[in-house]
2 protein chains.
Amino acid sequence: MRYALNPNQTEAAEAKQRDFDCYFSSYAYLYHQKEMLQDMQRMDAYHGAIMGIQDHIQGKKVLDIGAGTGILSIWAKIAGAQKVWAVEFTDMAKYAKKLCKANDPDGVISVLQQSAEEVILDSRVDIIVSEWMGMFLLRESMLDSLIRVRDRLLKPDGLMMPSHATMYWGLTSNEYEYDKLKSEMDEATQAWRPFIDQIADKYGVKLHALSSDYAQEQKEYYIHHSRWVSLGSEDVVCPGVPVKHINVKTVTLKQAKGVEPTPFRFEATKDANVTGFLGWFDTTFRVDSTDTDPVVLSTSPKAGPTHWGQQFFPFEKTLFLKKGDIIEGTMEMFRSNFTQRTYKVRATWKLLGVDATTPTKSALWHIE
Amino acid sequence: MRYALNPNQTEAAEAKQRDFDCYFSSYAYLYHQKEMLQDMQRMDAYHGAIMGIQDHIQGKKVLDIGAGTGILSIWAKIAGAQKVWAVEFTDMAKYAKKLCKANDPDGVISVLQQSAEEVILDSRVDIIVSEWMGMFLLRESMLDSLIRVRDRLLKPDGLMMPSHATMYWGLTSNEYEYDKLKSEMDEATQAWRPFIDQIADKYGVKLHALSSDYAQEQKEYYIHHSRWVSLGSEDVVCPGVPVKHINVKTVTLKQAKGVEPTPFRFEATKDANVTGFLGWFDTTFRVDSTDTDPVVLSTSPKAGPTHWGQQFFPFEKTLFLKKGDIIEGTMEMFRSNFTQRTYKVRATWKLLGVDATTPTKSALWHIE
């Protein structure tokens, strides 16, 4: 009955309910919050960034979007904010209220259990803090909400924290993960044959007609889905290349949709057996353009583990590179049709060897 | 735009989309179908039941609801059916079409990719076959669809296969699963203390206000959710008691909603450390009331493993019973508010010992 008569409102409400079922609900668990609060790189970066701008935050109005337990809001209060609004959609807001009561007895922080996009304040704010980044930066698409709230509620000279983000695309030789993946795929694929023989023998039904579909399903699952990995610098074949820069203060909804087809070029710094591409990101907390030593939160394999890890996009077959060999190509990233919160990545590439050019390859991966 | 103007239709369409997202989609994978096709107790029962009524099925019209790969339809065809409709909502229908083409070259089977409730046939059918059972029989609530289709499309003297089902409630002493559960819970709960100390030391935020909420969340997760187990007869303390009988031919939507508050009484057949309740079911394939030796598919711990296993409802603390001790109580099972496909079970019980009566206990578990 809520959604009567207005078809547009209907579709929006429907999408929102589905979104809650599939996305927001996980953020309502303390266990999940604890995992994020134990990511010390994440914590150190945000804590360092907020405490590092106490001169700037003093007496200001701060908005914390997707506040979770309210930890960023409490830091903003400690750093001297005049007023902080912590906006959290899930029931985690109830815990944020308890936590703010214990850590902010004078009530600088107000917890609002609302969709950020529906928040109404008396005045615009000076600073928006938010930890909106998903896997490979854009997964979860929370940046969309941030942009809409920014345009409505941030003062024209206001500050976004973090202020910038960059996505990187690289090559990896993580043979351990790759071999595990391949052997799991092979095992699953090979289990088909005795299975269909047994069904034919015992129950008189021929499943052979589905053999290639089954093999294809296995390949989709193992090779055409990217995976969370947590790699070290030894797994990286050459420096990653930036494929997208985001200025959080000015990024548009259109720019937040993904990565337009973007060329990349890698030169191997060592002989290596390349197992696939690798995606990661960093975010920067810069107050203004004179800020030459800002806090950076990096999820690169060289920066040590975070709960974001990196995304591994496996090749069907490994590719042996000699030092100096070059891989050239193009990658793009776009949203899935099924849900706006998951993505697909398409890449085409070729190897420019010392002696020869190999044929162009291409692949599509789901980020789920 | 599809849903304009009719609010009832709107809510129904919305619920259906959410249902598809959260429920049906898993049935579109061959890997998942393979797991079900490898459940030999399931396969032997359906195969034996269908092949055992060839006299009855000869020349008849058969409807297979939720056909998956179409295996039951193919057996019905082999058993001599004149016409079979295999109804499957997910894209598994495409594979069912391939499989039927390979196993049914004369086209006795028609695969319809539709919601079963929307199927329209020229005439009513003689037999409906379906494998609609979820964990603890009712989970997934597919019985609702079956009832609606039965009332619309089965001839008055038609046959449901299976024809009957019974839910059982028992006591278990599965200490291995229980100890694992408790030690995981204890580990997770104890990890909170050093975590909040670290956050207080490093980042100046007191999380103590959430300690009891976190412990409660862990208890909810570990003790107040039932779990899939696959037990043997050694884990059973006394015979299970039936808590609900279902005649698939006559069961109503109201009766399919769960189990009304139902008394139970167990007498321990041996000294045992009881770790919780246990739920399972059996289904029977009976052609008529003179059928004295029907095929039975049982998921009891005494019947050997199936992919349904049993549902384990853990106690907060184990309860030591001496042979002859009696536990009396009441159990009920009802649908979750969040989704019609998951359930909750509530039980109250007391121990009538040789010497004394202990206080009444009660608990609520989620079946997810």
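Residues numbered from 1 in each chain as written. Chains lettered and ligands numbered in written order. Predicted model: local features only at pLDDT ≥ 70, side-chain atom pairs only at ≥ 80, totals over all residues. Heavy atoms only, no water.

**Quick word on the UniProt feature "domain: Methyltransferase" (unreviewed entry) in chain A**
- Per the UniProt entry, the sites bearing "domain: Methyltransferase" (unreviewed entry) are residues 62–158 of chain A in this numbering.
- Between the C-alpha atoms that bound residues 62–158 of chain A the distance is 10 Å, and the span itself is 33% helix and 25% strand. (UniProt positions renumbered as here; feature names shortened; annotations may be inferred. Helix = DSSP H or I, 4+ residues; strand = E, 2+ residues; numbered from the N terminus.)

**Observations concerning the sheet that holds strand β15 (residues 361–367) of chain B**
All names here are of chain B.
- The strand order β9-β13-β14-β15 describes an open sheet built from 4 strands, whose pairing is antiparallel. Looking along the sheet, the strands with just one partner apiece sit at the ends: β9 (259–267) and β15. Averaged over all pairs of adjacent strands, the angle between strand axes in this sheet comes to 20°, irrespective of strand direction.
- Both strand β13 (residues 326–335) and strand β14 (residues 343–352) contribute to a ladder of 10 bridges, which runs antiparallel. Bridge assignment links F334 to a residue of β14, and that residue is K344. (Pairing = 2+ DSSP bridges. Axes fitted to C-alpha atoms, helices over the stretch in contact; angles between N-to-C directions.)

**Focus: the domain arrangement of chain A**
All names here are of chain A.
- Segmenting chain A into domains produces domain 1 (11–131) and domain 2 (167–173 + 227–367).
- Of note, the centres of domain 1 and domain 2, computed from C-alpha atoms alone, are 30 Å apart.
- At the junction of domain 1 with domain 2, the criterion picks out 0 salt bridges.
- In this structure, the connection of domain 1 to domain 2 is made through 4 residue pairs in polar contact (both at pLDDT 80 or more).
- A per-element tally of the side of domain 1 that touches domain 2 places helix α3 (residues 40–51) first, with 6 residues.
- When grouped by side-chain class, the residues that make up the side of domain 1 that touches domain 2 number 7 nonpolar, 3 polar and 4 charged. (Domains from an automatic or database assignment. Salt bridge = Lys/Arg side-chain N within 4 Å of Asp/Glu carboxyl O. Polar contact = N/O pair within 3.5 Å; in protein donor to acceptor, adjacent residues only side chain to side chain. Nonpolar A, V, L, I, M, F, W, Y, C, P; charged D, E, K, R; others polar.)

**What to know about the pattern of salt bridges**
Residues and elements named next belong to chain A.
- Per the stated rule, a full pass over the model turns up 34 salt bridges over all chains.
- Residue E117 is joined to R148 by a salt bridge in which the shortest nitrogen-to-oxygen separation is 2.9 Å. On the criterion of sequence distance, the pair formed by E117 in the loop between β3 (109–112) and β4 (125–130) and R148 in helix α7 (residues 142–153) is long-range, its members being 31 residues apart.
- On the accessibility criterion, R148 (37% relative accessible area) is partly exposed. (Buried < 20%, exposed > 50% of the residue type's maximum accessible area, 1.4 Å probe, protein only.)

**Here's the deal with unusual backbone geometry**
All names here are of chain A.
- Cis rather than trans, the peptide bond between M161 and P162 has omega equal to 0°.
- When you line up the elements, P162 lands in the loop between β5 (154–161) and β6 (164–172).
- Despite not being glycine, F136 has its phi angle at roughly 50°, a positive value.
- Structurally, F136 can be placed in the loop between β4 and α7.
- The exposure class of F136 is buried, given its relative accessible area of 3%.

**Some points on the packing of helix α9 (residues 192–203) of chain A against helix α3 (residues 40–51) of chain B**
- Two elements in contact, α9(A) and α3(B), have axes whose closest approach is 12 Å; the angle formed by their N-to-C orientations is 30°. In terms of their interaxial angle, α9(A) and α3(B) are classed as roughly parallel. The element α9(A) and its partner α3(B) pack so that their crossing is right-handed. Here A:Q198, A:I199, A:K202 and A:Y203 of α9(A) come into contact with α3(B), specifically with B:M40, B:M43, B:D44 and B:H47.
- Split into classes, the residues belonging to the contact of α9(A) with α3(B) amount to 4 nonpolar, 2 polar and 2 charged. (Parallel < 35°, antiparallel > 145°, perpendicular 65-115°, else oblique. Left-handed = near helix turned anticlockwise from the far one by under 90°. Contact = heavy atoms within 4.5 Å.)

**So, the side chain of B:R150**
All names here are of chain B.
- Mapped onto the elements, R150 comes out in helix α7 (residues 142–153).
- In terms of polar contacts, R150 uses its side chain to reach the backbone carbonyl oxygen of V248, at 2.8 Å.
- Sequence-distant contacts of R150, defined by excluding residues within four places in its chain, comprise R124, I128, M160, V248, K249, T250 and V251.

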